[in-house]
Amino acid sequence: MKNSLKAAAAALSLALVSSAALADHHEKTVMVGGAAMYPSKTIVDNAVNSKDHTTLVAAVQAAGLVDTLKGPGPFTVFAPTNAAFAKLPAGTVESLVKPENKGTLTTVLTYHVVPGRLTAKDIAAKIKAGGGKATLTTVQGEPLTAAMMGSTIMLTDAKGGMSHVTQGDVLQSNGVIHVVDTVLMP
């Protein structure tokens, strides 16, 4: 009886140590659109869970960019919310996701992606080094201009439209997402 009690105590102690070790290995997540974003997952694997990014996910699928954004990257993605897409003129999104407009949709979406992993701190440092503005070259090929408005990163697109980073530094295994409030236009 004494030996079985010792064995049970040893097993319980081992179980407690194991669960404590597991607790130390939990990922630090950020909530976006009501879902936890895991740093060990790709941009696509996380974005599909955000209720605020269903339009973006559908557009990425329609453009055939899922495999690219699941790739090694790294990518910096300025991710427009559903509300950002809703600001576009009526019918724009519905038109863009049609198969015959895949090229235009791809152009718009890749304009939201910058090669490399740029955190908000990295972007702010580029803005400071540029005397108040930084030019970020997108995967699409045209520039985005970044500037600070107080502590908020502002992006100006090729057409003069402005978007604000509303949530920055959502780290991913293959880059970083910055949530934006307006769709950027090349």
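Within each chain, residues carry numbers counting from 1 in the order of the written sequence. Owing to the predicted nature of the model, reporting of local features is limited to residues with pLDDT of at least 70; listing and counting of side-chain atom pairs is limited to 80 or more, with chain, interface and lining totals taken over all residues. As a convention, hydrogens and water are excluded, and side-chain values are obtained from all of the structure's heavy atoms.

Caption draft 1: Just the pairing of strand β8 (residues 162-172), in detail. For strand β7 (residues 152-156) and β8, the ladder comprises 3 bridges, and the chain directions are antiparallel. Bridge pairing in β8 links Met154 to His164. Between any two strands, pairing holds if DSSP finds at least two bridges. Here a strand is any run of E in DSSP of at least two residues, a helix any run of H or I of at least four, and the numbering for each starts at the N terminus. Once β7 ends, the chain turns through 5 residues before running back antiparallel as β8, passing Gly160 with a positive phi of about 90°. Bridge count between β8 and strand β9 (residues 175-180): 5 bridges; the pairing is antiparallel. Bridge pairing in β9 links Val165 to Val180.

Caption draft 2: Spotlight on the pattern of salt bridges. Salt bridges, as used here, are contacts in which a Lys or Arg side-chain nitrogen is within 4 Å of a carboxyl oxygen on Asp or Glu. Within this structure, the stated rule accounts for 2 salt bridges. With a closest N to O distance of 3.3 Å, Lys70 and Asp45 form a salt bridge. In this pair, Lys70 is assigned in helix α4 (residues 66-70) and Asp45 in helix α2 (residues 43-47), connecting sequence segments 25 residues apart. Taking the shortest distance from any N to any O, the salt bridge between Lys51 and Asp52 comes out at 3.6 Å.

Caption draft 3: Region of interest: unusual backbone geometry. Cis geometry is found at the peptide bond from Gly73 to Pro74, where omega equals 5°. Within the secondary structure layout, Pro74 lies in the loop between α4 and β3 (75-80). Even without glycine at this site, Asp169 takes up a positive phi of about 60°. Topologically, Asp169 is positioned in strand β8.

Caption draft 4: Geometry of the environment of Asn46. Here Asn46 lies in helix α2. Buried residues are those whose accessible area, probed at 1.4 Å on protein chains only, stays under 20% of the maximum for their type, while exposed residues exceed 50% and partly exposed ones sit between those limits. Residue class for Asn46 comes out buried when judged on its relative accessible area of 0%. Along the backbone, Asn46 and Ala36 are 10 residues apart, and their C-alpha atoms lie at a distance of 7.8 Å. Contacts were defined at the residue level, with two residues in contact if any of their heavy atoms lie within 4.5 Å. In this view, Asn46 contacts Ala36, Met37, Tyr38, Lys41 and Gln172; residues no more than four positions away in its chain are not counted.

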